[in-house]
Amino acid sequence: MNSQFHFPVRVYYEDTDAGGVVYYANYLKFLERARTEFLRHLGFEQTDLIHQHAFIIMVRNVNVDYKKPATFNDLLNVCTSITKMGKVSLQMEQQVLRENTVLCTAQVKLAGVHATDLRPKPFPNMLLQAFDDYVS
C-alpha cells in the first residue's frame, strides 16, 4: 500500500544544545517515540507483546543522515515506513521533517527477540499482518 505513519514532535528547550539547535542524539529519541506510537496506532503495546508473547523488538542498527537542524519550538513530523520484512527482522525508513523540509533520514534495522533469553524470535503473525500496509 506504500503508506507511512506520521507522528508529530514538538522541539522543547531541553532538546536543544548550547547553540540552540536540536542535539543530534535527541533525533534518536524522536525516532523511537514514532516507532512506539506506530505500534500503538496498529493496536499493539510493547508491554503486551512482552507479557503475552514473550516478544521484544530491539534496534539492531541505525544509520542516520543529518541534513538540516531543527530548533526550539519547531513542530516536526516523523514519518515511518517499512522497507523490508523478514520473519525475525525488519527494516524501517524514518524521516524527520519540518513542514516539507527533510531534516534527517534514518534506516533502522529491528530484530525480534525472546523476552527472557534475548535470542532471535520470529515476529508474531498478527504483527506482520498489521505491518503489511506500511511496506514501501
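Every residue gets a number counted from 1 within its own chain, in the order that chain's sequence is written. Where totals are concerned, whole chains, interfaces and linings use all residues; where local detail is concerned, this predicted model gives features only for residues with pLDDT of at least 70, and gives and counts side-chain atom pairs only at 80 or more. Note: side-chain values were computed over all heavy atoms of the structure, leaving out hydrogens and water.

### Quick look at the overall build of the protein
How we decide: Helix and strand definitions follow DSSP, with helices as H or I runs of at least four residues and strands as E runs of at least two, each counted in order from the N terminus. Radius of gyration here uses only the C-alpha atoms, and the compact-globule reference equals 2.2 Å multiplied by the residue count raised to the power 0.38. Here, residues are in contact when the closest pair of their heavy atoms is within 4.5 Å.
Assigned secondary structure in the protein consists of three helices and five strands. Along the protein, helices (α) and strands (β) appear in the sequence β-α-α-β-β-β-β-α when read from the amino end. A compact globule built from 136 residues should have a C-alpha radius of gyration of about 14 Å, and the protein, at 16 Å, falls within 12% of that. With the C-alpha coordinates aligned to their principal axes, the bounding extent of the protein is approximately 45 × 35 × 25 Å. In the protein, the proportion of contacts linking residues at least 24 apart, taken out of those at least 6 apart, comes to 69%.

### Considering the sheet that holds strand 5 (residues 101-114)
For clarity, the cut-off: Strand pairing is assigned whenever DSSP identifies at least 2 bridges connecting the two strands. Whenever a helix is involved, its axis is fitted only over the stretch in contact; in every case the axis is a line through C-alpha atoms, and angles between N-to-C directions fall within 0 to 180 degrees.
In spatial order, the strands read 1-3-4-5-2; together these five strands make up an open sheet with antiparallel pairing. Looking at which strands have only one partner, the edges of the open sheet turn out to be strand 1 (5-10) and strand 2 (55-66). When strand polarity is set aside, the average angle formed by the axes of neighbouring strands in this sheet is 25°. Packing against the sheet, helix 1 (residues 26-41) makes contact with strand 1, strand 2, strand 3 (75-85), strand 4 (89-98) and strand 5, and its axis sits at approximately 135° to strand 1.

### Overview of the environment of Asn 100
Among the secondary structure elements, Asn 100 is positioned in the loop between strand 4 and strand 5. The spacing of Asn 100 and Met 85 is 15 residues in sequence and 28 Å in space, taken between C-alpha atoms.

### Some words on the nonpolar core
Rule in force here: Among buried residues, the Ala, Val, Leu, Ile, Met, Phe, Trp, Tyr and Cys ones that are joined through side-chain atoms within 4.5 Å form a nonpolar core. Per-residue accessibility, obtained with a 1.4 Å probe over protein chains only, is compared with the maximum for each type, and a residue is labelled buried under 20%, exposed over 50%, and partly exposed between these values.
In this structure, Phe 38, Leu 76, Leu 127 and Phe 131 are the most contacted members of the largest nonpolar core, which totals 33 residues. Of all the secondary structure elements, the ones that give two or more residues to this core are strand 1, helix 1, strand 3, strand 4, strand 5 and helix 3 (125-131). By residue number, the principal contributor to this core is helix 1, which donates six residues. With sequence-adjacent residues up to four places away left out, Phe 131 is seen in contact with Phe 38, Leu 39, Leu 42, Ile 82, Met 85, Leu 90 and Phe 123.

### Comments concerning unusual backbone geometry
Positive phi is not limited to glycine here, since Ala 54 has a value of about 50°. Mapped onto the elements, Ala 54 comes out in the loop between helix 2 (46-53) and strand 2. One non-glycine residue, Asn 73, lies in positive phi territory at about 75°.

### So, helix 1
What counts, and what does not: A helix is expected to span 1.5 Å for every residue after the first.
With 16 residues, helix 1 extends 22 Å from end C-alpha to end C-alpha; this agrees with the ideal 22 Å at 1.5 Å per step. Taken together, the buried positions of helix 1 are occupied by Asn 26, Tyr 27, Phe 30, Leu 31, Ala 34, Arg 35, Thr 36, Phe 38 and Leu 39. A positive phi of about 95° marks Gly 43, the residue just after helix 1.

### Section: the pattern of salt bridges
Short version of the rule: Criterion for a salt bridge: a side-chain nitrogen of Lys or Arg within 4 Å of a carboxyl oxygen of Asp or Glu.
According to the stated counting rule, one finds five salt bridges in the structure shown. For Glu 32, the salt bridge is made with Arg 35, and the minimal N-O distance between the two is 2.5 Å. Of this pair, Glu 32 and Arg 35 are both found in helix 1, three residues apart, which corresponds to roughly one turn of the helix. The class of Glu 32 is partly exposed, set by a relative accessible area of 34%. With a shortest N-O distance of 3.0 Å, Glu 45 and Arg 40 are connected by a salt bridge. Looking at Glu 45, the relative accessible area reads 32%, which means it is partly exposed. Each of Glu 37, Arg 40 and Glu 45 takes part in salt bridges that share partners, so that together they form one network.

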